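The residues making up each chain are set out below.
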Amino acid sequence: QYLNTHEIQQIVDSGFLGLDVNPKDNLLEYEELVTLFNQKDVDGDGLLSLTEFEAHVGADFLFTVPLFNYFDGDKNQMLSVREFVDIPFNEMNTNGDSQVTRHEFDHYYTQLIHHLDQHHG
């Protein structure tokens, strides 16, 4: 079951709105994402487990496990700040200005969700 463009855009929109929280300014700053990571790290071990990640994305999110596995670069079943914030932030921040615009986020996550849909949908 493949998603259409509209369905992918809805997922990407929801993702951005869930991340752009403080300040809610249509930009993602690195510190904003680290703060959110630390809030989701319920046990305070500096890592996100799959359970903590599910609480972040929502248990009913179609790509919870594939997305977790995508970010889990060292395949230890835990996400570090480096894996879940640093690497994606640097990949999204194409102009190097230390902020991720809505356009940069949409481009990165639209491609990522499309990839996951093709391989795990």
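Residues numbered from 1 in each chain as written. Predicted model: local features only at pLDDT ≥ 70, side-chain atom pairs only at ≥ 80, totals over all residues. Heavy atoms only, no water.

As recorded in an unreviewed UniProt entry, the chain goes by EF-hand domain-containing protein and comes from Magallana gigas.

Caption draft 1: Just the environment of Glu7, in detail. Within the fold, Glu7 resides in helix 1 (residues 5–19). For Glu7, a relative accessible area of 30% translates into the label partly exposed. For the pair Glu7 and Leu17, spaced ten residues apart in sequence, the C-alpha separation works out to 16 Å. Among the polar contacts listed, one links the side chain of Glu7 to the backbone nitrogen of Asn4, at a separation of 2.8 Å. (Helix = DSSP H or I, 4+ residues; strand = E, 2+ residues; numbered from the N terminus. Buried < 20%, exposed > 50% of the residue type's maximum accessible area, 1.4 Å probe, protein only. Polar contact = N/O pair within 3.5 Å; in protein donor to acceptor, adjacent residues only side chain to side chain.)

Caption draft 2: Local environment of the nonpolar core. One finds Phe71, Phe105, Tyr109 and Ile113 to be the most contacted residues of the largest nonpolar core, which totals 29 residues. Broken down by secondary-structure element, the contributors of at least two residues to this core are helix 1, helix 2 (30–40), helix 4 (64–71), helix 5 (81–92) and helix 6 (102–120). Among the elements that take part in this core, helix 6 stands out by supplying six residues, more than any other. Ignoring sequence-local partners within four residues, the contact set of Ile113 consists of Leu3, Ile8, Ile11, Val12, Phe61 and Phe63. (Core = buried A, V, L, I, M, F, W, Y, C linked by side-chain atoms within 4.5 Å. Contact = heavy atoms within 4.5 Å.)

Caption draft 3: Spatial organisation of helix 5. Given a rise of 1.5 Å per residue, twelve residues ought to cover 16 Å, and the 15 Å separating the end C-alpha atoms of helix 5 matches this to within 8%. Among the residues making up helix 5, those that are buried are Glu83, Phe84, Val85, Pro88, Phe89 and Met92. (Expected span 1.5 Å × (residues − 1).)

Caption draft 4: The side chain of Glu104, seen in detail. Position of Glu104 relative to the elements: it lies in helix 6. This buried residue, Glu104, is left without a salt bridge; Arg102 holds the nearest opposite charge, at 11 Å. Other than its neighbours up to four places away in sequence, Glu104 contacts Met92, Asn93, Thr94, Asn95 and Gln99. (Lys, Arg positive; Asp, Glu negative; His and termini not counted. Salt bridge = Lys/Arg side-chain N within 4 Å of Asp/Glu carboxyl O.)

Caption draft 5: Looking closely at the packing of aromatic side chains. Inspection of every chain in the model, using the stated rule, returns ten aromatic pairs. Taking 5.5 Å as the distance between ring centres and 80 degrees as the angle between the ring planes, the aromatic pair formed by Phe53 and Phe84 counts as edge-to-face. Separated by 31 residues along the polypeptide, Phe53 in helix 3 (residues 50–57) and Phe84 in helix 5 bring together distant segments of the chain. Taking the relative accessible area as the measure of exposure, Phe84 reaches 15% and is therefore buried. (Phe/Tyr/Trp six-rings, centres within 6.5 Å; stacked < 30°, edge-to-face > 60°.)

Caption draft 6: View of the layout of surface pockets. Within this model, the largest pocket holds a volume of roughly 460 Å³. Contributing to the lining of the largest pocket are 24 residues, with Gly15, Leu19, His56, Val57 and Leu67 lying nearest its centre. Residue assignment for the lining of the largest pocket shows that the elements contributing at least two residues are helix 1, helix 2, helix 3, helix 4, helix 5 and helix 6. The leading source of residues in the lining of the largest pocket is helix 1, at seven residues. Across the lining of the largest pocket, the residue classes break down as 19 nonpolar, five polar and no charged. (1 Å grid on protein atoms, 1.4 Å probe; cavity = no way out; pocket = protein on both sides within 12 Å on 5 of 7 lines; lining within 4 Å. Points joined across faces, edges and corners; volume = space filled by probe spheres on them. Nonpolar A, V, L, I, M, F, W, Y, C, P; charged D, E, K, R; others polar.)

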